[in-house]
Amino acid sequence: MTEIAPQYPDTVAALRAAGCVYAEDEARLILDDGRGVDELVARRVLGEPLEWVLGWVEFGGLRLVVRPGVFVPRRRTELVADLAVAHLPEDSTAVDLCCGSGALGAVLRSRRAHCDVYSVDIDPVAVACARENLPDATVLCGDLFAPLPGSLRGSVDAIVANTPYVPSDQVRLLPPEAREHEPLHTLDGGPDGLALLRRISAEAPGWLRTGGRLLIEISEGQWDTARTAYEAAGLNASCQADEDTCVAIGELPAGVRSAP
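Note that this is a predicted model, so its numbers are computed, not measured. (Residues numbered from 1 in each chain as written. Predicted model: local features only at pLDDT ≥ 70, side-chain atom pairs only at ≥ 80, totals over all residues. Heavy atoms only, no water.)

Points about the overall build of the chain
Moving on, step 1. Along the backbone of the chain there are 10 helices and nine strands.
Moving on, step 2. What you see for the chain is a C-alpha radius of gyration of 19 Å, in line with the 18 Å of a compact globule of 260 residues.
Moving on, step 3. With the C-alpha coordinates of the chain rotated into their principal frame, the extents come out at 65 × 40 × 30 Å.
Moving on, step 4. Look at the contacts in the chain between residues 6 or more apart in sequence, and 61% of them connect residues 24 or more apart.
Moving on, step 5. Accessible surface, the chain: about 11,800 Å² in total, of which carbon and sulfur atoms supply 51%. (Helix = DSSP H or I, 4+ residues; strand = E, 2+ residues; numbered from the N terminus. Rg over C-alpha atoms; globule rule 2.2 N^0.38 Å. Contact = heavy atoms within 4.5 Å. Areas by Shrake-Rupley, 256 points an atom, 1.4 Å probe, with all protein chains shown as cover.)

Describing the nonpolar core
Soluble globular proteins: nonpolar side chains tend toward being buried together.
Moving on, step 1. Counting 35 residues, the largest nonpolar core has L108, V160, L215 and V247 as the members making the most contacts within it.
Moving on, step 2. Taken together, the elements giving at least two residues each to this core come down to β1 (56–59), α5 (78–87), α6 (103–111), β4 (115–121), α7 (124–133), β6 (156–161) and β9 (246–251).
Moving on, step 3. Here this core gets six residues from one element, more than from any other, and that element is α5.
Moving on, step 4. Beyond its immediate stretch of four places on either side in the chain, L215 contacts V80, L83, A84, A158, I159, V160, A161, V247, A248 and I249.
Moving on, step 5. One finds I159, L197, I200 and L214 within the second-largest nonpolar core, a separate group that totals 30 residues. (Core = buried A, V, L, I, M, F, W, Y, C linked by side-chain atoms within 4.5 Å. Buried < 20%, exposed > 50% of the residue type's maximum accessible area, 1.4 Å probe, protein only.)

Some words on the side chain of E78
Moving on, step 1. Relative to the helices and strands, E78 resides in helix α5.
Moving on, step 2. Leave out the neighbours within four places in its chain, and E78 touches F59 and G60.

Things to note about the packing of aromatic side chains
Moving on, step 1. Taken as a whole, this structure holds one aromatic pair when the rule is applied.
Moving on, step 2. Between R63 and the ring centre of W56, over which it is positioned, the NZ or CZ distance is 3.6 Å.
Moving on, step 3. Geometry around W207 places R153 over its ring, the cationic atom sitting 4.3 Å from the centre. (Phe/Tyr/Trp six-rings, centres within 6.5 Å; stacked < 30°, edge-to-face > 60°. Lys NZ or Arg CZ within 6 Å of the ring centre and 35° of its normal.)

Some thoughts on the packing of helix α9 (residues 195–203) against helix α10 (residues 223–232)
Moving on, step 1. Remark: α9 packs on α10, axes separated minimally by 8 Å, with the N-to-C direction vectors making an angle of 25°. Classified by the interaxial angle, the pair formed by α9 and α10 is roughly parallel. Two packed elements cross with a definite hand, and for α9 against α10 that hand is right-handed. Contacts between α9 and α10 involve L197, R198 and S201 on the former and, on the latter, T225, A226, A229 and Y230.
Moving on, step 2. Among the residues making up the contact of α9 with α10, the classes are represented as four nonpolar, two polar and one charged. (Axes fitted to C-alpha atoms, helices over the stretch in contact; angles between N-to-C directions. Parallel < 35°, antiparallel > 145°, perpendicular 65-115°, else oblique. Left-handed = near helix turned anticlockwise from the far one by under 90°. Nonpolar A, V, L, I, M, F, W, Y, C, P; charged D, E, K, R; others polar.)

Topic: the layout of surface pockets
Moving on, step 1. Taken as a whole, the largest pocket encloses approximately 1,200 Å³ of empty space.
Moving on, step 2. Along the wall of the largest pocket there are 40 residues; nearest its centre are R44, E51, V72, R74 and E177.
Moving on, step 3. Its residues assigned to classes, the lining of the largest pocket comprises 22 nonpolar, six polar and 12 charged.
Moving on, step 4. If you add up the space inside the second largest pocket, you get close to 370 Å³. (1 Å grid on protein atoms, 1.4 Å probe; cavity = no way out; pocket = protein on both sides within 12 Å on 5 of 7 lines; lining within 4 Å. Points joined across faces, edges and corners; volume = space filled by probe spheres on them.)

Quick word on the sheet that holds β4
Moving on, step 1. Ordered by their spatial adjacency, seven strands build an open sheet running β5-β4-β3-β6-β7-β9-β8, and the pairing between neighbours is mixed. In the strand order of this sheet, the two ends are held by β5 (138–141) and β8 (236–241), each with one partner. Taken pair by pair, the neighbouring strands of this sheet meet at an average axis angle of 20°, ignoring direction.
Moving on, step 2. Where strand β7 (residues 208–218) lies against β9, six bridges are found, and the strand directions are antiparallel. From the neighbouring strand, I218 faces β9, where its bridge partner is C246.
Moving on, step 3. The strands touched by α9 within the sheet are β3 (92–97), β6 and β7, with β7 carrying the most contacts at an inclination of about 175°.
Moving on, step 4. Helix-sheet contacts for α10 involve β7, β8 and β9, and the interaxial angle to β8 is about 150°. (Pairing = 2+ DSSP bridges.)

What to know about the side chain of T186
Moving on, step 1. Note that T186 resides in the loop between α8 (176–179) and α9.
Moving on, step 2. Within the structure, the side chain of T186 is placed 2.6 Å from the backbone oxygen of P183, a separation counted as a polar contact.
Moving on, step 3. Beyond its immediate sequence surroundings of up to four residues, T186 is in contact with F71 and P164. (Polar contact = N/O pair within 3.5 Å; in protein donor to acceptor, adjacent residues only side chain to side chain.)

Quick notes on the environment of W223
Moving on, step 1. By the element assignment, W223 lies in helix α10.
Moving on, step 2. Considered as a pair, W223 and I200 are 23 residues apart in the sequence and their alpha carbons are 15 Å apart.
Moving on, step 3. Residues within four places of W223 in sequence aside, it is in contact with I218, A237, S238, C239 and A248.

Some remarks on the environment of P183
Moving on, step 1. Mapping P183 onto the fold places it in the loop between α8 and α9.
Moving on, step 2. You can call P183 buried: its relative accessible area is 16%.
Moving on, step 3. Expressed as a C-alpha distance, the spacing of P183 and E203, which sit 20 residues apart in the sequence, is 25 Å.
Moving on, step 4. Those residues in contact with P183, other than ones at most four positions away along the chain, are G69 and F71.

Okay, structure coming up:
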């Protein structure tokens with residue numbers, strides 16, 4: 001940053017005028033990038049997520065590629081990864097649905113080197129990005145479980161999912177950089193925010209091994225509804241939360257399987 005330090009005050013001023021709360025930190029990152037500063041600042045001033053502008057995001061101790069058009073993984077979602085890793089044996093199989101950039105799968109692979117990870121997203125743009133972050137995993141394009149090989153049925157140790165969970169009528173309340181730039185299907189979770197959670201939990205028992213777990217990020221106020229969906233599918237439901245997020249956990253008890 002030394003050679004371009006004189007640009008720092010002007011960069012901070014431009015970002016602050018655009019409403020960037022952490023203008024100083026963002027200016028340092030942009031100037032450290034080494035590419036055309038004016039172009040990067042212009043993109044950020046127009047509201048693009050900083051991670052798109054930089055081309056990377058820090059998540060779970062990793063620096064991951066994130067491309068324009070792909071949902072930016074939030075730090076709060078690291079709890080999903082932490083809980084999954086704590087449950088996974090060294091030799092295990094995990095499925096990451098609605099994978100976006102592949103952030104959750106990448107953390108699982110980094111902490112469980114022998115974990116066989118299958119990541120799935122319906123958006124080809126996200127799938128291409130996930131393949132950059134998961135060169136040693138299987139990344140598939142399709143709707144939830146549909147593209148997974150049938151051989152995985154009954155053998156998955158953990159299914160993780162960062163599904164959209166904002167109720168449709170609340171998307172308008174999101175920060176502009178999310179609602180105006182990130183794909184709507186990655187934000188809008190349906191009338192109560194849990195449309196995809198219901199679909200996933202209904203199918204999950206057919207893929208999990210006995211004792212396997214389903215972990216989906218939700219808001220704390222959605223827990224009662226999520227628990228009902230999990231229990232309807234035959235999963236033992238629990239919840240773990242920290243100051244930032246809540247994870248709905250469903251464990252498959254012995255003797256429960258959904259129809260193929």
